[in-house]
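Spelled out, the chains give:
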Amino acid sequence: MNITDNSLCNMDFSDKATAKNVQDYILSLFESGIDSVEIDYKSVQFLKNIDTSRKFIYRAECIPDLIAVKQKEFEYVTVPVSMLAIAQKLRGIRYEEKSDTKRKKYNDTEITESVRRIKYIIEVDGDNRTYDELLKLCKIIDEANCASAIRIVKNFDSLSTEFSDFIDRYYDSFNIPLDICPLNSDLNGIDSAYEAFAKDVNMITLSFGSPYLYTPYELFVLYFPKTLGLSPAMIFTPYLYTAAARYNAVSDSLNCGLKNLNDVIDSSKKNTVNVDIIKPPSTPRRIAVSKQKNEKKYTNAQNSFFNSNDFDSEICSDLSEALDNTDISLYNRFLCKDDFEN
């Protein structure tokens, strides 16, 4: 299963955001378990010479947005279902880019070379459609023979069996990979994401730090149900904190990611117990750590990491606390590599 984060498509970039800020934020998303990062026309400007041919999905909401595929190489491009005919016939498309000084025309040959190998994810807004209507639309997309995946964006009702039945009916009818993007405006996005995960859909699209519309990726990780057989929270928590910290350097929008992390971590700390010791220690035991030798290295690595990033004191405190309560062996590639052996 592929997990995509689309937070860069939904945030308002700060005037102080730099290419390094955005690239560091993206790195934290990958380190926190994200498989693909979805970017749009405004965020791609920060990527400079970064290779986007793998692990990046480009989002085009209108024809002019496709200008970016002439500048960068992408394996996947997401387009709304309203652009289905365009995705079907992109080799013959002609369009114009508006500019303050001129209007530049792009001919068929220029576009053909840019989009020939692109795989298209067709996005469907499902909130005003029944599941039967969605399946009919999926059939139209399938017959267009241009989609490499179909993304359904919807407030799914995870309390009934309709959502689960829809996934079964979809795979009974189509061979195109399915991407589920659960909205969270009805506050059931996490449950829907877990249902999609349990049904083994091909892709799930979430959004780090989303305030209300999309399902927050960090909550998907922290509340991951034990019944699904994985426990990603312990592994990815420090990277999620780093993403939340770097979010502040990218956007002035409300940092819900940091709030979500603090709320969950604070509520779970009191339940943390070292099973090897009858009397619980104040913090969990750090695995494979020599106190006298490695404690200093750990502290130096932490300080080196903080000094290399423009974090405010409150975030440094939160991140330090998260690091102190997590297995130190996870930081061989997270903190200063000079202080640890890989």
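Before reading further, recall that the structure is shown in the block above.
Let us look at the structure shown here. (Residues numbered from 1 in each chain as written. Predicted model: local features only at pLDDT ≥ 70, side-chain atom pairs only at ≥ 80, totals over all residues. Heavy atoms only, no water.)

Our next topic: the environment of K89. Within the secondary structure, K89 is located in the loop between α4 (84-88) and β5 (95-98). Note: C-alpha distance between K89 and A144 (55 residues apart in sequence) is 10.0 Å. (Helix = DSSP H or I, 4+ residues; strand = E, 2+ residues; numbered from the N terminus.)

What follows deals with the side chain of D5. On the secondary structure map, D5 appears in strand β1 (residues 2-5). One buried charged residue, D5, forms no salt bridge at all, with the nearest opposite charge on R151 at 10 Å. Here the side chain of D5 touches S7 through a polar contact of 2.6 Å, side chain to side chain. One polar contact links the side chain of D5 to the main-chain amide nitrogen of F208, over a distance of 2.6 Å. Aside from chain neighbours lying at most four places away, what touches D5 is L29, I34, S36, V37, E38, L206, S207 and F208. (Buried < 20%, exposed > 50% of the residue type's maximum accessible area, 1.4 Å probe, protein only. Lys, Arg positive; Asp, Glu negative; His and termini not counted. Salt bridge = Lys/Arg side-chain N within 4 Å of Asp/Glu carboxyl O. Polar contact = N/O pair within 3.5 Å; in protein donor to acceptor, adjacent residues only side chain to side chain. Contact = heavy atoms within 4.5 Å.)

This next bit is on the pattern of salt bridges. Per the stated rule, a full pass over the model turns up twelve salt bridges. Where K20 meets D24, a salt bridge forms, and the shortest distance between an N and an O atom there is 2.7 Å. Residue K20 and its partner D24 are both found in helix α1 (residues 19-31); the two are separated by four residues, about one turn of the helix. When its relative accessible area of 16% is taken as the criterion, D24 is described as buried.

What follows concerns the pairing of strand β7 (residues 119-125). For β7, the tally of buried residues reaches five of seven residues, placing the bulk of the element in the interior. Where strand β4 (residues 76-80) meets β7, five bridges bridge the pair, whose relative direction is parallel. The residue of β7 that forms the bridge with T78 is I121. With six bridges joining them, β7 and strand β8 (residues 147-154) adopt parallel strand pairing. Paired with D125 across the strands is V153, a residue of β8. Remark: the β7/helix α6 (residues 131-144)/β8 crossover connection has right-handed handedness. (Pairing = 2+ DSSP bridges. Right-handed = clockwise from strand over helix to strand, strands pointing away.)

A general feature of soluble globular proteins is that nonpolar side chains tend to end up buried together. Formed by 77 residues in total, the largest nonpolar core has its most connected members in V77, I152 and F220. Per element, the largest residue contribution to this core is seven residues, and it comes from α6. If sequence neighbours within four positions are ignored, I152 has contacts with V124, L134, C138, F166, L178, D179, I180 and C181. (Core = buried A, V, L, I, M, F, W, Y, C linked by side-chain atoms within 4.5 Å.)

As for its placement among the helices and strands, R59 is situated in strand β3 (residues 56-59). At 3.4 Å, the side chain of R59 forms a polar contact with the side chain of E38. A polar side-chain atom of R59 sits 2.9 Å from a polar atom in the side chain of E61. Ignoring sequence-local partners within four residues, the contact set of R59 consists of C9, E38, I39, D40, Y41, D65, T78, E123 and R151.

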